Amino acid sequence: MAKDSYLVGLIGSGIGPSLSPALHEREADRQGLRYLYRLIDIDTLGVPPEAVGDLVRAARDLGFDGLNITHPCKQLVIEHLDALAPQAEALGAVNTVVFEDGCAVGHNTDVTGFAASFARGLPDVPLERVVQLGAGGAGAAVAHATLTLGAERVTVVDALADRAADLAGALNRHFGVGRAAAATPDQLPQLLSAADGVVHATPTGMAAHPGLPFPAELLHPGLWVAEVVYRPLETELLTTARALGCATLDGGGMAVFQAMDAFRLFTGREPDAARMLADIAELAGAVGAQK
């Protein structure tokens, strides 16, 4: 028998401005569900990212139906789960945990979320040479999505050279040799000057990590810019890129489509994309008005 009451949460750092609670709860309300979405911020709790395993166990013991997982816990959480869905296993990153029959099962809805948003928001942009900043949990998902969308080559840039190399190696094993490369931030000037587009998948620009991920002068009008950050929806990177005439994609669509997939996993019910896209536009506008 289908449930009509759900308790879910989000574990991460600096998640106070997250729009996930409102996104999930609004859609649940429209479907006649009692649905409570709690924020579990490791900064507020004063615990390190490595405490994610304890938090997951506590949530399960307290009767939660599931959890979303965000920066910086998407990879750390894996060792604390009982099983992984194929997508999460391939990526080595989890953003959704579902509690089923006492077991914690990890999923990743970031890949499908980013792919759906990109296809909707930047449908006709060239994809021969793509530069991606960030090789963490979100970065792995977004790089998989970008190559699945048809990118010929993705160059992954990360301040941690080993992390970029590891992700590029995994992508080449999955998609074929030569589809991915690794680079360091000092190579960005030459990489961006020759790129079709840049995908930003680091925390820079989030409410807790304001600023630009690289110098503004590296942007040019021939570059499209896709953002993963959605707290706030309008990051400094997007504002700067748009002023130069770049085609841009904010992180809102990815947030909605990955939230839809998580909602479906938590409840077994089908969310409404048009309603949730309207929700995030309204919620992000309200957030902007409060600044």
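Overview of the structure. (Residues numbered from 1 in each chain as written. Predicted model: local features only at pLDDT ≥ 70, side-chain atom pairs only at ≥ 80, totals over all residues. Heavy atoms only, no water.)

### Topic: the overall build of the chain
Turning to step 1, where the next piece is worked out: In terms of regular secondary structure, the chain is built from eleven helices and twelve strands.
Turning to step 2, where the next piece is worked out: Computed over its C-alpha atoms, the radius of gyration of the chain comes to 18 Å, within 12% of the 19 Å expected for a compact globule of 291 residues.
Turning to step 3, where the next piece is worked out: Summarising its shape, the C-alpha atoms of the chain cover approximately 55 × 40 × 35 Å along the three principal directions.
Turning to step 4, where the next piece is worked out: Across the chain, the fraction of contacts at a sequence separation of at least 24, relative to all contacts at a separation of at least 6, is 70%.
Turning to step 5, where the next piece is worked out: Accessible area of the chain: about 12,200 Å², with a carbon and sulfur share of 54%. (Helix = DSSP H or I, 4+ residues; strand = E, 2+ residues; numbered from the N terminus. Rg over C-alpha atoms; globule rule 2.2 N^0.38 Å. Contact = heavy atoms within 4.5 Å. Areas by Shrake-Rupley, 256 points an atom, 1.4 Å probe, with all protein chains shown as cover.)

### A word on the layout of surface pockets
Turning to step 1, where the next piece is worked out: Approximately 790 Å³ is the volume attributed to the largest pocket.
Turning to step 2, where the next piece is worked out: Along its surface, the largest pocket is lined by 39 residues, and His71, Ala138, Ala201, Thr202 and Pro203 are the ones closest to its centre.
Turning to step 3, where the next piece is worked out: Each residue belonging to the lining of the largest pocket can be placed in one class, and the counts come to 20 nonpolar, 14 polar and five charged.
Turning to step 4, where the next piece is worked out: There is about 150 Å³ of room inside the second largest pocket.
Turning to step 5, where the next piece is worked out: What lines the second largest pocket is simply Gln75, Ala90, Leu91, Gly92, Ala135, Ala140, His144, Arg163, Asp166, Leu167 and Ala170.
Turning to step 6, where the next piece is worked out: Of all elements in the fold, only helix H4 (86-91), helix H6 (137-148) and helix H7 (161-175) reach the threshold of two or more residues within the lining of the second largest pocket.
Turning to step 7, where the next piece is worked out: Ranked by residue count, the leading element in the lining of the second largest pocket is H7, at four residues.
Turning to step 8, where the next piece is worked out: A class-by-class count of the residues in the lining of the second largest pocket yields six nonpolar, three polar and two charged. (1 Å grid on protein atoms, 1.4 Å probe; cavity = no way out; pocket = protein on both sides within 12 Å on 5 of 7 lines; lining within 4 Å. Points joined across faces, edges and corners; volume = space filled by probe spheres on them. Nonpolar A, V, L, I, M, F, W, Y, C, P; charged D, E, K, R; others polar.)

### Brief notes about the nonpolar core
Turning to step 1, where the next piece is worked out: Ranked by size, the top nonpolar core spans 33 residues in total, and within it Phe114, Phe118, Val199, Trp224, Ala226 and Val228 carry the most contacts.
Turning to step 2, where the next piece is worked out: Listing elements by their share of this core, those giving two or more residues are helix H5 (110-121), H6, strand E8 (153-157), H7 and strand E11 (224-227).
Turning to step 3, where the next piece is worked out: No other element matches H6, which puts seven residues into this core.
Turning to step 4, where the next piece is worked out: Discounting residues that sit within four places of it in the chain, tryptophan 224 has contacts with Phe118, Leu122, Val125, Pro126, Leu127, Val130, Asp196, Gly197, Val198, Val199 and Ala247. (Core = buried A, V, L, I, M, F, W, Y, C linked by side-chain atoms within 4.5 Å. Buried < 20%, exposed > 50% of the residue type's maximum accessible area, 1.4 Å probe, protein only.)

### Quick look at the packing of aromatic side chains
Turning to step 1, where the next piece is worked out: Applying the stated criterion across every chain, the model contains four aromatic pairs.
Turning to step 2, where the next piece is worked out: A ring pair is formed by tyrosine 6 and tyrosine 35, whose centres lie 6.1 Å apart and whose planes are at 45 degrees; its orientation type is tilted. Residue tyrosine 6 is located in strand E1 (residues 5-12), and its partner tyrosine 35 is located in strand E2 (residues 34-41); the two are separated by 29 residues in the primary sequence. An identical accessibility class is assigned to tyrosine 6 and tyrosine 35; each is buried.
Turning to step 3, where the next piece is worked out: Relative to phenylalanine 263, the ring of tyrosine 35 has its centre 5.5 Å away and its plane inclined at 25 degrees; by these criteria the two rings are stacked. Taken as a pair, tyrosine 35 in strand E2 and phenylalanine 263 in helix H10 (residues 252-267) lie far apart in primary sequence, 228 residues in all. (Phe/Tyr/Trp six-rings, centres within 6.5 Å; stacked < 30°, edge-to-face > 60°.)

### Concerning the sheet that holds strand E5 (residues 96-100)
Turning to step 1, where the next piece is worked out: The sheet built from six strands is open, its strands ordered E2-E1-E3-E5-E6-E4 with mixed pairing. Of all strands in the sheet, those bounded by a partner on one side alone are E2 and strand E4 (83-84).
Turning to step 2, where the next piece is worked out: The sheet contact formed by E5 and strand E6 (residues 103-107) spans five bridges and is antiparallel. Within the sheet, the bridge partner assigned to valine 98 lies in E6 and is valine 105.
Turning to step 3, where the next piece is worked out: Relative to the sheet, helix H1 (residues 20-30) contacts E2 and strand E3 (66-69), its axis offset from that of E2 by approximately 170 degrees. (Pairing = 2+ DSSP bridges. Axes fitted to C-alpha atoms, helices over the stretch in contact; angles between N-to-C directions.)

### As for unusual backbone geometry
A negative phi angle characterises most non-glycine residues, just as the trans form characterises most peptide bonds.
Turning to step 1, where the next piece is worked out: The omega angle of the peptide bond from histidine 71 to proline 72 is 5 degrees, so this bond is cis rather than trans.
Turning to step 2, where the next piece is worked out: With respect to the element layout, proline 72 can be found in the loop between E3 and E4.
Turning to step 3, where the next piece is worked out: At aspartate 101, a position not held by glycine, the phi torsion is positive, near 50 degrees.

### Let's talk about H6
Turning to step 1, where the next piece is worked out: Compared with an ideal rise of 1.5 Å per residue, which puts twelve residues at 16 Å, H6 spans 17 Å between its outermost C-alpha atoms and is within 8% of the ideal.
Turning to step 2, where the next piece is worked out: Residues of H6 that are buried include every one of Gly137, Ala138, Gly139, Ala140, Ala141, Val142, Ala143, His144, Ala145, Thr146 and Leu147, and no others.
Turning to step 3, where the next piece is worked out: Two residues or fewer past H6, glycine 150 is found with a positive phi of approximately 115 degrees. (Expected span 1.5 Å × (residues − 1).)

### With respect to the environment of glycine 178
Turning to step 1, where the next piece is worked out: Position of glycine 178 among the secondary structure elements: in the loop between H7 and strand E9 (180-183).
Turning to step 2, where the next piece is worked out: Residue glycine 178 is classed as partly exposed on the basis of its relative accessible area of 34%.
Turning to step 3, where the next piece is worked out: The spacing of glycine 178 and glutamate 152 is 26 residues in sequence and 8.8 Å in space, taken between C-alpha atoms.
Turning to step 4, where the next piece is worked out: Excluding its chain neighbours within four sequence positions, the residues that come into contact with glycine 178 are Glu152, Arg153 and Asn172.

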